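Each chain, letter by letter, is given below.
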Amino acid sequence: MSALLPVEQALAQVLASARPVRDVVELPLLDAPGHVLAQDVVSTIDVPGDDNSAMDGYALRASEAGQALPVSQRIPAGAVGSVLTPGTAARIFTGAPVPPGADAVVMQENCTERDGVVSVGGPVCVGQNVRPRGQDITGGATVLEKGRILRPQDVGLLASIGRGTVSVYRPLRVAVLSTGDELVEPGSGELRSGQLYNSNRYTLASLLRSINLEFIDGGIVADDADITARALRDAASDADCVITSGGVSVGDEDHVKNQVERLGQLDLWKLAIKPGKPLAFGRIGDTPFIGLPGNPTSVFVTFCLIARPFLLKMQGVTEPEPPRLQARANFTVDKPGGRQDYMRVTLVNANQGLEATKFSNQSSGVLSSVSHSNAFAVIPPGATVSEGDFVEVILLDSLAR
Ligand code: AMP
Ligand code: MG
């Protein structure tokens, strides 16, 4: 187990072991954004329900557009007209049903109405400015498939077919433990030499909440075997997944890996990923366990690349991985590395498409590199890069918001 596992292989193994949650809750539509749809949604209605006007204007028979037409009825939105008498037009407003007999609407800017008679300038085509019934959605059609994270526009779509509630999966409960005797909570006082503020707890809580998972705070755990074991066991009994930061490396003070092996099993440890090599994955009893490294940038990278897709799959999401794009490198990689490097870069739209510029300090301890970048550039092990080469990039907005 000491050879470094390629990222793709590790991810495939981790995803294959994810058991999706089954519990379903019915939520009011306003509470639904960010949750994962648990059932396909089929519309029972056509949207729109009528042929209706796309403009404020006059409804008429296209074939009669050349003659002056008396205005025989008025149809505002919300009202329903009657059959259009031949040789007449109907005053109509946007969204109102086109009356039977009419087959076109002319916008009012192209019409002159005088003494109750309207004349139309220019030719008129059948169907002009008429939005046909079912143009958006037809009754019986599947509008959204289960396994998608509901976005604002999806919630609007559900409202448009008359749904007041929606079935989603229960949000997972994820426990986060921050290991390290050197850690101090921000806001609790000044640091002594050798101490640092616990940033991982905040990064991880925010990352979890950004995908609508419940953050269970396991606090700071001391670098002690028994204390670590107790904290892991308590967290596992209460959560759907346990995530730790720090303590998974090879030092004497790294207790997490050993205690997980005692309490459960370790399925993988040490990936060919940069930053974030000492990542561990396994279970404590039946509860999945993800041991993230301690360095703040490694935490961000390994959460986004490994933990996030795993948790999303557990949450019932069908496509848990982020989209990938191509950009031209504004930098070089002269020496091929042994690990897949998730370089922090800024993408800008340049003459020839997207261009990636590397953040100046790529050290795993420099969290600024993530805050001041908008993408990862993925440099595979063994690869070199010349300026202008295409590299694969992943937008940070697709991972953390
Ligand atoms: P470790 O893997 O426990 O040896 O931690 C690696 C590095 O990450 C050390 O420099 C730690 O001080 C740092 N670190 C560990 N946990 C945290 C945390 N929660 N917040 C910020 N830095 C951390
Ligand atoms: Mg430590």
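Above this note sits the structure.
Residues numbered from 1 in each chain as written. Chains lettered and ligands numbered in written order. Predicted model: local features only at pLDDT ≥ 70, side-chain atom pairs only at ≥ 80, totals over all residues. Heavy atoms only, no water.

**Q** Is there a simple way to explain the overall build of the protein in this structure?
**A** Along the protein, the regular secondary structure elements total 7 helices and 26 strands. Relative to the 2.2 N^0.38 estimate, which gives 21 Å for 401 residues, the radius of gyration of the protein is 30 Å and therefore markedly larger than a compact globule would have. Dimensions of the protein, computed from C-alpha atoms along their principal axes, come out at roughly 95 × 50 × 40 Å. Looking at the protein as a whole, 47% of its 401 residues qualify as buried. Residue pairs in contact within the protein that sit at least 24 positions apart in sequence constitute 70% of those at least 6 positions apart. Surface exposure of the protein reaches about 18,900 Å², of which carbon and sulfur atoms provide 49%. (Helix = DSSP H or I, 4+ residues; strand = E, 2+ residues; numbered from the N terminus. Rg over C-alpha atoms; globule rule 2.2 N^0.38 Å. Buried < 20%, exposed > 50% of the residue type's maximum accessible area, 1.4 Å probe, protein only. Contact = heavy atoms within 4.5 Å. Areas by Shrake-Rupley, 256 points an atom, 1.4 Å probe, with all protein chains shown as cover.)

**Q** Please explain the packing of aromatic side chains as it appears in this structure.
**A** Ring pairs (aromatic) are described by centroid distance and by the angle formed between their planes. Per the counting criterion, the structure on display carries 3 aromatic pairs. Between Y342 and F376, the ring centres sit 6.0 Å apart and the planes meet at 80°, which makes this aromatic pair edge-to-face. Linking Y342 in strand β23 (residues 340-350) with F376 in strand β25 (residues 375-379), this pair joins segments that are 34 residues apart in sequence. Taking relative accessible area as the criterion, F376 reaches 0% and is therefore assigned buried. Of the aromatic side chains, those joined through ring pairs into one cluster are F300, Y342 and F376. Above the face of the Y58 ring, R91 is positioned so that its terminal group lies 5.0 Å from the ring centre. (Phe/Tyr/Trp six-rings, centres within 6.5 Å; stacked < 30°, edge-to-face > 60°. Lys NZ or Arg CZ within 6 Å of the ring centre and 35° of its normal.)

**Q** Sorry if this is basic, but what is going on with the site of ligand 1 here?
**A** Every one of the 15 residues lining ligand 1 counts as a neighbour, but E182, N198, N200, G247 and G294 are closest to it. Here G247 contributes a backbone N or O atom positioned 2.9 Å from an oxygen atom of ligand 1. One of the backbone N or O atoms of N295 is found 3.1 Å from an oxygen atom in ligand 1. In isolation ligand 1 exposes 480 Å². Once the protein is present, 77% of that is buried. Residue composition of the shell around ligand 1, grouped by class: 4 nonpolar, 9 polar and 2 charged. (Near = heavy atom within 4 Å. Polar contact = N/O pair within 3.5 Å; in protein donor to acceptor, adjacent residues only side chain to side chain. Nonpolar A, V, L, I, M, F, W, Y, C, P; charged D, E, K, R; others polar.)

**Q** How should the nonpolar core be read in this particular structure?
**A** Generally speaking, soluble globular proteins have nonpolar side chains that are buried together. Formed by 50 residues in total, the largest nonpolar core has its most connected members in I243, I290, F303, F310, L311 and F376. For this core, the secondary structure elements donating two or more residues are α1 (7-16), β13 (173-179), α3 (200-210), β17 (241-245), β21 (287-292), α6 (296-314) and β25. When residues of this core are assigned to their parent elements, the largest contribution, 12 residues, is made by α6. Beyond its immediate chain neighbours, meaning those up to four positions away, L311 contacts L172, V174, L208, L213, C241, I243 and F303. If you look at the next biggest cluster of nonpolar residues, it comprises 18 residues, including V248, V260, W269 and F289. (Core = buried A, V, L, I, M, F, W, Y, C linked by side-chain atoms within 4.5 Å.)

**Q** I tried to follow the pairing of strand β12 (residues 165-169) on my own but got confused; where do I start?
**A** Look at any regular strand and the pattern is simple: side chains alternate between the two faces of the sheet. Counting buried residues along β12, 4 of its 5 residues qualify, which places the element largely inside the surrounding structure. Judged from the 5 bridges that link them, strand β1 (residues 24-28) and β12 form a sheet pairing that is antiparallel. Each bridged residue has a counterpart across the sheet, and for V25 the counterpart in β12 is V168. (Pairing = 2+ DSSP bridges.)

**Q** Just checking my understanding: could you explain the pattern of salt bridges for this structure?
**A** Side-chain pairs of opposite charge can arise where the charged atoms are in close proximity. For the structure shown, the criterion picks out 12 salt bridges. Residue D240 pairs with R170 through a salt bridge whose shortest N-O separation is 3.0 Å. Here R170 lies in the loop between β12 and β13 and D240 lies in the loop between α4 (225-238) and β17, a separation of 70 residues in the sequence. Residue classification places D240 among the buried positions, given a relative accessible area of 19%. (Salt bridge = Lys/Arg side-chain N within 4 Å of Asp/Glu carboxyl O.)

**Q** Help me out: how do you make sense of the packing of α1 against α6 in this one?
**A** Describing two packed helices takes the angle between their axes plus the distance from one axis to the other. Packing of α1 against α6 leaves a shortest axis separation of 9 Å and a crossing angle of 25°. The angle between α1 and α6 falls in the class roughly parallel. The two elements α1 and α6 meet at a crossing, and its hand is right-handed. Seen from α1, the contacting residues are V7, L11, V14, L15 and A16; seen from α6, they are L305, I306, P309, F310 and K313. Broken down by class, the residue content of the contact of α1 with α6 amounts to 9 nonpolar, no polar and 1 charged. (Axes fitted to C-alpha atoms, helices over the stretch in contact; angles between N-to-C directions. Parallel < 35°, antiparallel > 145°, perpendicular 65-115°, else oblique. Left-handed = near helix turned anticlockwise from the far one by under 90°.)

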